[in-house]
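Here is what each chain is made of, one letter per residue.
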Amino acid sequence: MTKTYHVVGIGNALVDVLAHAGEDFLAEHGVEKGIMQLIDTERAVELYGRIGPAQEISGGSAANTIAGIAHLGGRTAYVGKVKDDQLGTIFAHDLRAQGADFATPMAPGADEGETGRCIILVTPDGERSMNTYLGLSERLSAADIDAAQIADAEWIYLEGYRFDGDESHAAFAKAIAAAKAAGGKVALTLSDPFCVDRHRDAFRRMIREDVDLLFANRAEMLSMYQTEVFDEALAQAAAEIELVACTDSADGAHILSGEGRWHAPALATRVVDATGAGDLFAGAFLWGLTQGHDLESCGRMGCVAASEIISHIGARAEADLSALFRSHGLI
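Small disclaimer: the values here were computed from a predicted structure and weren't measured.

Sorry, what's going on with the overall build of the chain here?
The secondary structure content of the chain amounts to 12 helices and 14 strands. Taking 2.2 N^0.38 as the reference for a compact globule, 331 residues should give roughly 20 Å; the C-alpha atoms of the chain span a radius of gyration of 18 Å, in line with that estimate. Counting only C-alpha atoms and orienting by the principal axes, one finds that the chain spans roughly 50 × 40 × 40 Å. Out of the 331 residues belonging to the chain, those deemed buried represent 59%. A separation threshold of at least 6 residues defines the contact pool for the chain, and within that pool the share at least 24 residues apart is 73%.

Written out as structure tokens, the structure reads:
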């Protein structure tokens, strides 16, 4: 029986606030380059007041992935908490406009907290440094997981960043149980090496027991398996997980399944903003997988989508990804 959804994603529901900044600005304001740092309300207000002109674009790692799948025509839904405020309305509208279902109840205006936002500082080399105020997204709990919706998905996609919430582990456990009971599969993205450092033991348990597909980049993979040898980390992951998709910046991506290994080359692209490259790689890869494409083609689709995202500001596709896939002979 055909399920309603190809993929249901669960993660931090955030609006990205993107601004250009020089290396001196990062140093002056204590922003560590190239990673995600969690910040509180006071720090969010301070940074926002000091950055230059900014663009507000709906984001959130798993939400970007789900938007990418929906953009390609995949049947998707997203689970994440926002408030019934201006940014929450923007987030919900933008995701639904892509064609994804978003039915997580908005917290009422009287509720404490605000919709989360990520202040992303983009340096001239295109690298993004993320400063995330989680807001209401941090309160995602098991009560927000609709087991029937999860059971009606071929895949669920879990965002590693969401491990920073007190109740998120229970929410993930409920979603995993509902998916597995209905014959669904589980994909996990590690999100960030510092996220891995904070939750390595919990990640490892989930990977060994529940995960069918692991997404990571080189830094996250090395952090997870605590080695400086990339191939060693990949081998350890492949020994634990049915399918591994690991991106490696300008070197493209490595796909491993059992004894098989494939390399998908990156496309030469002028990097304007690296935000969302991994998210859209995962979205294109999952779309290809659910449409029956072989693993090498899925990896190549991921690299094509990532190249489109890094060519402009923001983590939602501006070009027609299907047309790009056709131009590369992938569909």
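Where do I start with the pattern of salt bridges in this structure?
Close approach of charged atoms allows side chains with opposite charge to pair. Inspection of every chain in the model, using the stated rule, returns 14 salt bridges. Here arginine 50 makes a salt bridge to glutamate 46, at a shortest N to O gap of 3.8 Å. One end of the pair, arginine 50, and the other, glutamate 46, are both in helix α2 (residues 41-50), 4 residues apart, so they sit about a helical turn from each other. Judged by relative accessible area, arginine 50 falls into the partly exposed class, the value being 49%.

Hey, could you run me through the pairing of strand β5 (residues 76-79) in this one?
For a regular strand, the rule is simple: side chains alternate between the two faces of the sheet. Residue alternation in β5 divides its side chains into two sets, Thr76 and Tyr78 and Ala77 and Val79, and both sets are buried. The pairing of strand β1 (residues 5-10) with β5 spans 4 bridges and is classified as parallel. In the strand pairing of β5, isoleucine 10 is matched with valine 79. Since β5 and strand β6 (residues 101-102) lie parallel, the crossover through helix α4 (residues 86-97) that links them has a hand, and here it is right-handed.

Rules used in this analysis
- Residues numbered from 1 in each chain as written.
- Predicted model: local features only at pLDDT ≥ 70, side-chain atom pairs only at ≥ 80, totals over all residues.
- Heavy atoms only, no water.
- Helix = DSSP H or I, 4+ residues; strand = E, 2+ residues; numbered from the N terminus.
- Rg over C-alpha atoms; globule rule 2.2 N^0.38 Å.
- Buried < 20%, exposed > 50% of the residue type's maximum accessible area, 1.4 Å probe, protein only.
- Contact = heavy atoms within 4.5 Å.
- Salt bridge = Lys/Arg side-chain N within 4 Å of Asp/Glu carboxyl O.
- Pairing = 2+ DSSP bridges.
- Right-handed = clockwise from strand over helix to strand, strands pointing away.

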